[in-house]
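Observations on the three-dimensional arrangement
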Amino acid sequence: SQVLLNQLRAVFDQIIELQNAQDAMYRAALEELQLRLQFEERKKQRELEGKWGVTASEDEEESKRMKEFQDSIPKMCSQLRILTHFYQVPFRLYIKLLTTSSDESLRFLSFRLDFNEHYKAREPRLRVSLGTRGRRSSHM
């Protein structure tokens, strides 16, 4: 149905947003690691040449850059938490739509997507057992 398709698209959009944020965080961490290694290498090279490792201004600049990176970590983590929350909202709705579907295959898909019942435990409307989902009672 169109509703399921739209909800699946919303889930995928959130997955892409989360992936982009994780990639940005990973790139920032790798860049910081590379800069720290380069700084240490320059310091060692200068010491081998018989010079001071770093000047006070270089050390201050490095400390400032490191502090800026450390200050950015909580912001990046917060962004990931927010995106995680906004991922769960459409995903829970998608699971709910699958659970209440008249198509048995879609109901089973909901079970497979929530195989460890993580979302079922958090969403009261998903606590109906798989065996009774979407069944119509027949009165003969």
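Residues numbered from 1 in each chain as written. Predicted model: local features only at pLDDT ≥ 70, side-chain atom pairs only at ≥ 80, totals over all residues. Heavy atoms only, no water.

**Looking at the overall build of the protein chain**
Across its full length, the protein chain holds four helices and zero strands. If you list the helices and strands of the protein chain from N to C, you get α-α-α-α. Of the contacts formed within the protein chain by residues at least 6 apart in sequence, a portion of 60% connects residues at least 24 apart. Put simply, the protein chain shows about 10,600 Å² of open surface, and 55% of that area lies on carbon and sulfur atoms. (Helix = DSSP H or I, 4+ residues; strand = E, 2+ residues; numbered from the N terminus. Contact = heavy atoms within 4.5 Å. Areas by Shrake-Rupley, 256 points an atom, 1.4 Å probe, with all protein chains shown as cover.)

**Details of the environment of Phe91**
Topologically, Phe91 is positioned in helix α2 (residues 56-99). Along the primary structure Phe91 and Val11 are separated by 80 residues, whereas in three dimensions their C-alpha atoms are 5.7 Å apart.

**Comments concerning the nonpolar core**
With seven residues, the main nonpolar core is built from Leu4, Val11, Tyr87, Phe91, Tyr94, Ile95 and Leu98. Listing elements by their share of this core, those giving two or more residues are α1 (2-48) and α2. Examining the composition of this core, we find that five residues originate from one element, α2, more than from any other. (Core = buried A, V, L, I, M, F, W, Y, C linked by side-chain atoms within 4.5 Å. Buried < 20%, exposed > 50% of the residue type's maximum accessible area, 1.4 Å probe, protein only.)

**Quick notes on the side chain of Ser101**
Looking at where Ser101 falls in the secondary structure, it is placed in the loop between α2 and α3 (104-113). Assessed through its relative accessible area of 12%, Ser101 is described here as buried. A polar side-chain atom of Ser101 sits 3.1 Å from the main-chain amide nitrogen of Asp103. (Polar contact = N/O pair within 3.5 Å; in protein donor to acceptor, adjacent residues only side chain to side chain.)

**A word on the pattern of salt bridges**
All told, the structure shown has seven salt bridges when counted by the stated rule. Among the ionic pairs, Glu32 bridges to Arg65, the shortest N-O distance being 2.3 Å. Taken together, the positions of Glu32 in helix α1 and Arg65 in helix α2 put the pair 33 residues apart, joining distant regions of the chain. One exposure class covers both Glu32 and Arg65, and it is buried. When the shortest N-O distance is used, the salt bridge between Glu58 and Arg46 registers 2.5 Å. Here Glu58, found in helix α2, pairs with Arg46, found in helix α1; they are twelve residues apart in sequence, far enough to count as distant. Through salt bridges that share partners, Glu32, Arg36, Glu62 and Arg65 make up one connected network. (Salt bridge = Lys/Arg side-chain N within 4 Å of Asp/Glu carboxyl O.)

**Section: the packing of aromatic side chains**
Evaluated as defined, the whole model comprises one aromatic pair. Between Tyr87 and Phe91, the ring centres sit 5.5 Å apart and the planes meet at 20°, which makes this aromatic pair stacked. Taken together, the residues span about one helical turn, with Tyr87 and Phe91 both in helix α2 at a distance of four residues. The same class applies to Tyr87 and to Phe91, which are both buried. (Phe/Tyr/Trp six-rings, centres within 6.5 Å; stacked < 30°, edge-to-face > 60°.)

**Section: α1**
Counted at 1.5 Å a residue, the expected span for α1 with its 47 residues is 69 Å, and the 68 Å between its end C-alpha atoms agrees. Among the residues making up α1, those that are buried are Leu4, Gln7, Val11, Gln14, Leu18, Ala21, Glu32 and Phe39. On its buried face, α1 sits against α2 and α3. (Expected span 1.5 Å × (residues − 1).)

**Structural notes on the confidence of the model for the protein chain**
Considering every residue of the protein chain, the mean pLDDT works out to 85; 83% of them sit at 70 or more. Confidence, read as mean pLDDT per element, is least for helix α4 (residues 118-122) in the protein chain (67) and greatest for α1 (94). Note that pLDDT drops below 50 for residues 129-140; the model gives that stretch twelve contacts with residues more than four away or on any other chain. (pLDDT = per-residue confidence, 0-100.)

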